[in-house]
Every structure is written in structure tokens, then in C-alpha cells.
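Commentary on secondary and tertiary structure
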Amino acid sequence: MKLLVINGPNLNMLGIREKNIYGAETYEDLKNLVEKTFAEKGIEGEIYQSNHEGDLVDRIQQAYFDGTNGIVINPAAYTHTSVAILDALKAVMLPAVEVHISDVKTREDFRQISYAGKACVKTIMGKGFQGYVEAIEYLVENYK
Ligand code: CA2
């Protein structure tokens, strides 16, 4: 099984600012946790981050051609704005799990809509980095 974990804009800044919302751990720590989870589950995987909407769309499309079996995605701010990411997820028809580090439902009104979430089989929020582990486990258990 091969999974792709995608992270959107500013998540490369984790642990540097807004530690009260997103925690003190860095993007490097998240990368290590995700890669450790792939190894423990005995699966192939990649973690990808971009600050650019089109690059995120390109990477989702690439997943269709490179044998990826499932996607874990935290589109970050593009969650609440991007029909392009929603359309890309629909186009590739791979099972996708939406992850948010913070508990988005208790935050500002503008964060209450998720476009990407409409193409996802599950959403996990408010569990910090552990949400990524749960998302990988869910895809392994249900789609391996
Ligand atoms: O809770 C999440 O994971 C979010 O997807 C994070 C996004 C936010 O726009 C979503 O509403 C919820 C923001 C990611 C920005 O990350 C930062 C990290 C360090 C410093 C500043 C921003």
C-alpha cells in the first residue's frame, strides 16, 4: 500500500509561531512522526508540503498516476477557499482523509466551511499531530 500525506500553506512554519493553537512541535517533527507511522504499518508513503494551491492540485493529480492508494490531506487555509483542491480530490477518486491539527469547529466562522472535506471519507480535527497517525491507520484498516 502506498499513501500520500499532503500539507498546505504555512504548515512548514509549525512550532515557530502560534504555538498556542498548533503546538510547539515543528514540521520536521511531523515529518518524522508520519514516516515512523509508515514504517510501523509496513507501507510505502510520502509526505509533501506546498504553499501554492496549483502545486497541491498537481501533487493530487500525480497521485492518480503513481500508484497511490490513499491520501491524507490538511489543506490548511485552502480548506476554506479552494474548489480547485476539492475538484482534484474528486478527479482522482482516491480515498482521502481530511486532517486538521486544531479543532476547527470551535474557531472563527470563516473556518466552518471545508471544500476539500466534501471529497473526503473522513475528517479528523483537534487531535494535534496524532490526527495524521489516526488518518493513516484508518486508510490502512479500510483500504489496504
Ligand atoms: O488546524 C489546522 O490544521 C488548520 O488546517 C491549520 C491552518 C488553518 O488555516 C486551518 O483553518 C486549520 C493554518 C496553518 C498555519 O499554520 C501555522 C503554523 C505556524 C504559524 C502560523 C501558522
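As shown above, the structure is provided for reference.
Notes on the structure follow. Because the structure is a prediction, the values reported are computed rather than measured.

The rules we used
Residues numbered from 1 in each chain as written. Predicted model: local features only at pLDDT ≥ 70, side-chain atom pairs only at ≥ 80, totals over all residues. Heavy atoms only, no water. Axes fitted to C-alpha atoms, helices over the stretch in contact; angles between N-to-C directions. Helix = DSSP H or I, 4+ residues; strand = E, 2+ residues; numbered from the N terminus. Parallel < 35°, antiparallel > 145°, perpendicular 65-115°, else oblique. Left-handed = near helix turned anticlockwise from the far one by under 90°. Contact = heavy atoms within 4.5 Å. Salt bridge = Lys/Arg side-chain N within 4 Å of Asp/Glu carboxyl O. Buried < 20%, exposed > 50% of the residue type's maximum accessible area, 1.4 Å probe, protein only. Pairing = 2+ DSSP bridges. Core = buried A, V, L, I, M, F, W, Y, C linked by side-chain atoms within 4.5 Å. Nonpolar A, V, L, I, M, F, W, Y, C, P; charged D, E, K, R; others polar.

This brings us to the packing of helix H2 (residues 27–41) against helix H5 (residues 130–143). Helix-helix packing: each pair is described by the crossing angle between the helix axes and the interaxial distance. One can describe the packing of H2 onto H5 by two numbers: an axis separation of 10 Å at closest approach and a directional angle of 25°. In terms of orientation, H2 lies roughly parallel with respect to H5. Of the two possible hands of crossing, H2 and H5 adopt the one that is right-handed. On H5, the residues touching Leu30, Leu33, Val34, Thr37, Phe38 and Lys41 of H2 are Tyr132, Val133, Ile136, Glu137 and Val140.

For the rest of this paragraph, the subject is the pattern of salt bridges. Side-chain pairing between opposite charges can occur once the charged atoms of the two side chains come close. Enumeration according to the criterion identifies eight salt bridges in this entry. Note that Glu40 and Lys36 form a salt bridge whose closest N and O atoms lie 3.9 Å from each other. Here Lys36 and Glu40 lie together in helix H2, a separation of four residues that amounts to about one turn. Taking the relative accessible area as the measure of exposure, Glu40 reaches 58% and is therefore exposed. The partner of Asp66 in a salt bridge is Arg59, and the shortest N-O contact between them spans 3.3 Å. Looking at Asp66, the relative accessible area reads 23%, which means it is partly exposed. Arg59 sits in the buried class, given a relative accessible area of 5%. A single network of salt bridges, built from pairs that share partners, joins Glu46, Arg59 and Asp66.

Within the open sheet, the five strands sit side by side as S2-S1-S3-S4-S5. Their pairing is parallel. Where the open sheet ends on each side, the last strands, each with one partner, are strand S2 (44–49) and strand S5 (122–125). Neighbour-to-neighbour, the strand axes of the sheet open up by a mean angle of 15°, direction not taken into account. Where helix H3 (residues 53–65) meets the sheet, its contacts fall on strand S1 (2–7), S2 and strand S3 (70–74), and the angle it forms with S1 comes to roughly 175°. Strands S1, S3, strand S4 (96–100) and S5 of the sheet are contacted by H5, whose axis makes an angle of about 160° with S3.

The topology assignment puts Val57 in helix H3. In the structure, Val57 is positioned 46 residues away from Leu11 in sequence and 17 Å away in space, judged by C-alpha atoms. Ignoring any residue separated from it by four or fewer positions in sequence, one finds Val57 in contact with Ala84, Ile85 and Ala88.

Soluble, globular proteins show a tendency: their nonpolar side chains are buried together. Formed by 22 residues in total, the largest nonpolar core has its most connected members in Val5, Leu30, Val34, Val72, Tyr132 and Ile136. Counting only elements with at least two residues in this core, the list comes to S1, H2, S4 and H5. When residues no more than four places from it in sequence are discounted, the contact partners of Val72 are Leu4, Val5, Ile6, Val97, Val99, Tyr132, Ala135, Ile136 and Leu139. Judged by nonpolar contacts, the second largest core, of 19 residues, contains Ile73, Ala88, Leu94 and Ala116.

With that settled, the discussion passes to the packing of H3 against helix H4 (residues 83–92). Between H3 and H4, whose axes approach to 9 Å, the crossing angle comes to 5°. Viewed along their axes, H3 and H4 adopt a mutual orientation that is roughly parallel. Here Glu53, Leu56, Val57, Ile60, Gln61 and Tyr64 of H3 come into contact with H4, specifically with Ala84, Ile85, Ala88, Leu89 and Val92. Looking at the contact of H3 with H4 residue by residue, the classes come out as nine nonpolar, one polar and one charged.

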